Amino acid sequence: MTAPTLAPPAATLADSAVHDALTLRTLRESLRSVLDQEHRIRLTAAEDAVAAEGPAALDRRFPAAGREYGRGPLPGWADWAVEDAVRTVLLLALTRYGTSGTALTAEAADRYAHGDAAERRGVLRALPFLPVGDRAVHLTDDAVRTNDNRLIAAALGPYARAHLDQYRWRQAVLKCLFTGIPLAKVAGLHDRRDAELARMAHGFAAERRAADRTVPADLWLVATLDN
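Since we're looking at a predicted model, the values are computed, not measured. (Residues numbered from 1 in each chain as written. Predicted model: local features only at pLDDT ≥ 70, side-chain atom pairs only at ≥ 80, totals over all residues. Heavy atoms only, no water.)

## So, the overall build of the chain
Moving on, step 1. Looking only at helices and strands, the chain features 16 helices and 0 strands.
Moving on, step 2. For 227 residues, the compact-globule estimate of 2.2 N^0.38 gives 17 Å, and the chain sits close to it at 19 Å.
Moving on, step 3. Its C-alpha atoms give the chain principal-axis dimensions of about 60 × 60 × 30 Å.
Moving on, step 4. Buried residues in the chain amount to 49% of all 227 residues.
Moving on, step 5. The long-range share in the chain, meaning contacts at least 24 apart out of those at least 6 apart in sequence, stands at 69%.
Moving on, step 6. Element-wise, carbon and sulfur atoms account for 55% of the exposed surface of the chain, whose accessible area totals about 11400 Å². (Helix = DSSP H or I, 4+ residues; strand = E, 2+ residues; numbered from the N terminus. Rg over C-alpha atoms; globule rule 2.2 N^0.38 Å. Buried < 20%, exposed > 50% of the residue type's maximum accessible area, 1.4 Å probe, protein only. Contact = heavy atoms within 4.5 Å. Areas by Shrake-Rupley, 256 points an atom, 1.4 Å probe, with all protein chains shown as cover.)

What follows is the structure, given as structure tokens:
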């Protein structure tokens, strides 16, 4: 008799990350490719410190990521900066200290709340890698409410694709149309678009035309469902 397949515990699902180990490995390899030997050693030491000491070890290291490791583009990762990847691996090092679930979400939220725009973007970039489930959707909601296109675009990556409910996701896509963020930056756009979003897009276009304003050239990506 075949034993029944048991569903994973709720806590396991709640603590899951969006990205898998292979994606994380790819991120680390891209980051190492732009760091010289000195900075690779420094970053390894920083991760080990966070793993050994916990959140306190982030207090100086997290804000200093851009200054210490660079703010240039990360090869192979569209719109990512080197400092985004550094902040991601530093936050992830907290899991080695034993920080997970609600506590890890709280640490990410604290870095977001007290950080500058670059630090907030780093937290948003890190979310798909962190085992927090849907607990951090309030951070994506906050980013979408801002007028900072860098934060809005960062918020609409794989984490939002996986965890934002359809109503909030539609509103976020509409915010991109309002602010001029290319819809190609929205993760999962083709899979999650629906008839209601198409209706909203048509309404948005009608309002723009009535005001004699330009309609975004990529609006067709959500205004039709047959492509």
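## Remarks on helix 8 (residues 101–113)
Moving on, step 1. In this model helix 8 runs 18 Å from its N-terminal to its C-terminal C-alpha over 13 residues, within 8% of the 18 Å that 1.5 Å per residue would give.
Moving on, step 2. Residues of helix 8 that are buried: Gly101, Leu104, Thr105, Glu107, Ala108, Ala109, Arg111 and Tyr112.
Moving on, step 3. Close packing links the buried residues of helix 8 with helix 4 (58–61), helix 6 (82–92), helix 7 (94–97), helix 9 (117–126) and helix 10 (137–145). (Expected span 1.5 Å × (residues − 1).)

## Looking at the nonpolar core
Moving on, step 1. Ranked by internal contacts, the top residues of the largest apolar core, which has 68 residues, are Leu31, Leu124, Leu130 and Leu156.
Moving on, step 2. For this core, the element with the most residues is helix 6, which contributes 7 residues.
Moving on, step 3. Ignoring any residue separated from it by four or fewer positions in sequence, one finds Leu130 in contact with Ser16, Ala17, Leu91, Leu92, Leu104 and Ala108. (Core = buried A, V, L, I, M, F, W, Y, C linked by side-chain atoms within 4.5 Å.)

## A word on the environment of Val222
Moving on, step 1. Position of Val222 among the secondary structure elements: in helix 16 (residues 220–223).
Moving on, step 2. Taking C-alpha positions, Val222 is 9.0 Å from His202, a pair spaced 20 residues apart along the chain.
Moving on, step 3. In this view, Val222 contacts Val173, Leu183, Leu189, Arg193, Leu197, Ala198 and Ala201; residues no more than four positions away in its chain are not counted.

## Things to note about the environment of Gln166
Moving on, step 1. Looking at the secondary structure, you find Gln166 in helix 13 (residues 166–179).
Moving on, step 2. The class for Gln166 is partly exposed, based on a relative accessible area of 24%.
Moving on, step 3. When the C-alpha atoms of Gln166 and Leu197 are compared, they prove to be 9.5 Å apart, with 31 residues separating the residues in sequence.
Moving on, step 4. With residues near it in sequence (within four places) discarded, Gln166 still touches Arg192 and Asp194.

## Topic: the side chain of Arg208
Moving on, step 1. For Arg208, the location among the structural elements is in helix 15 (residues 195–210).
Moving on, step 2. An unpaired buried charge is present at Arg208: no salt bridge exists, and Glu207, the closest side chain of opposite charge, is 8.0 Å distant.
Moving on, step 3. For Arg208, the side chain forms a polar contact with the main-chain oxygen of Thr214, separated by 2.9 Å.
Moving on, step 4. If we skip the residues at most four places from it in the chain, Arg208 touches Arg213, Thr214 and Val215. (Lys, Arg positive; Asp, Glu negative; His and termini not counted. Salt bridge = Lys/Arg side-chain N within 4 Å of Asp/Glu carboxyl O. Polar contact = N/O pair within 3.5 Å; in protein donor to acceptor, adjacent residues only side chain to side chain.)

## Here we look at the pattern of salt bridges
Moving on, step 1. Scanning the model with the defined rule gives 19 salt bridges in all.
Moving on, step 2. The partner of Arg25 in a salt bridge is Glu29, with the nearest N and O atoms 3.1 Å apart. Here the residue Arg25 and the residue Glu29 both occupy positions in helix 2 (residues 21–34), the gap between them amounting to 4 residues, near one helical turn.
Moving on, step 3. For Glu29, a relative accessible area of 44% puts it in the partly exposed group.
Moving on, step 4. Between Arg168 and Asp141 there is a salt bridge; the shortest N-O distance is 2.5 Å. Of this pair, Arg168 sits in helix 13 while Asp141 sits in helix 10, and the two are 27 residues apart along the sequence.
Moving on, step 5. Residue classification places Arg168 among the partly exposed positions, given a relative accessible area of 27%.
Moving on, step 6. Here the salt bridges share partners, and the residues they tie into one network are Glu83, Asp84, Arg87, Arg121 and Arg125.

## A word on the packing of helix 6 against helix 9
Moving on, step 1. Running from N to C, helix 6 and helix 9 point in directions that differ by 60 degrees, and their axes come no closer than 8 Å. Of the possible angle classes, the one that applies to helix 6 and helix 9 is oblique. In this structure, helix 6 crosses over helix 9, and the sense of that crossing is right-handed. Here Glu83, Asp84, Arg87, Thr88 and Leu91 of helix 6 come into contact with helix 9, specifically with Ala118, Glu119, Arg121, Gly122, Val123, Arg125 and Ala126.
Moving on, step 2. Here the residues of the contact of helix 6 with helix 9 are counted per class, giving 4 nonpolar, 2 polar and 6 charged. (Axes fitted to C-alpha atoms, helices over the stretch in contact; angles between N-to-C directions. Parallel < 35°, antiparallel > 145°, perpendicular 65-115°, else oblique. Left-handed = near helix turned anticlockwise from the far one by under 90°. Nonpolar A, V, L, I, M, F, W, Y, C, P; charged D, E, K, R; others polar.)

These figures come from the coordinates and say nothing about function on their own.
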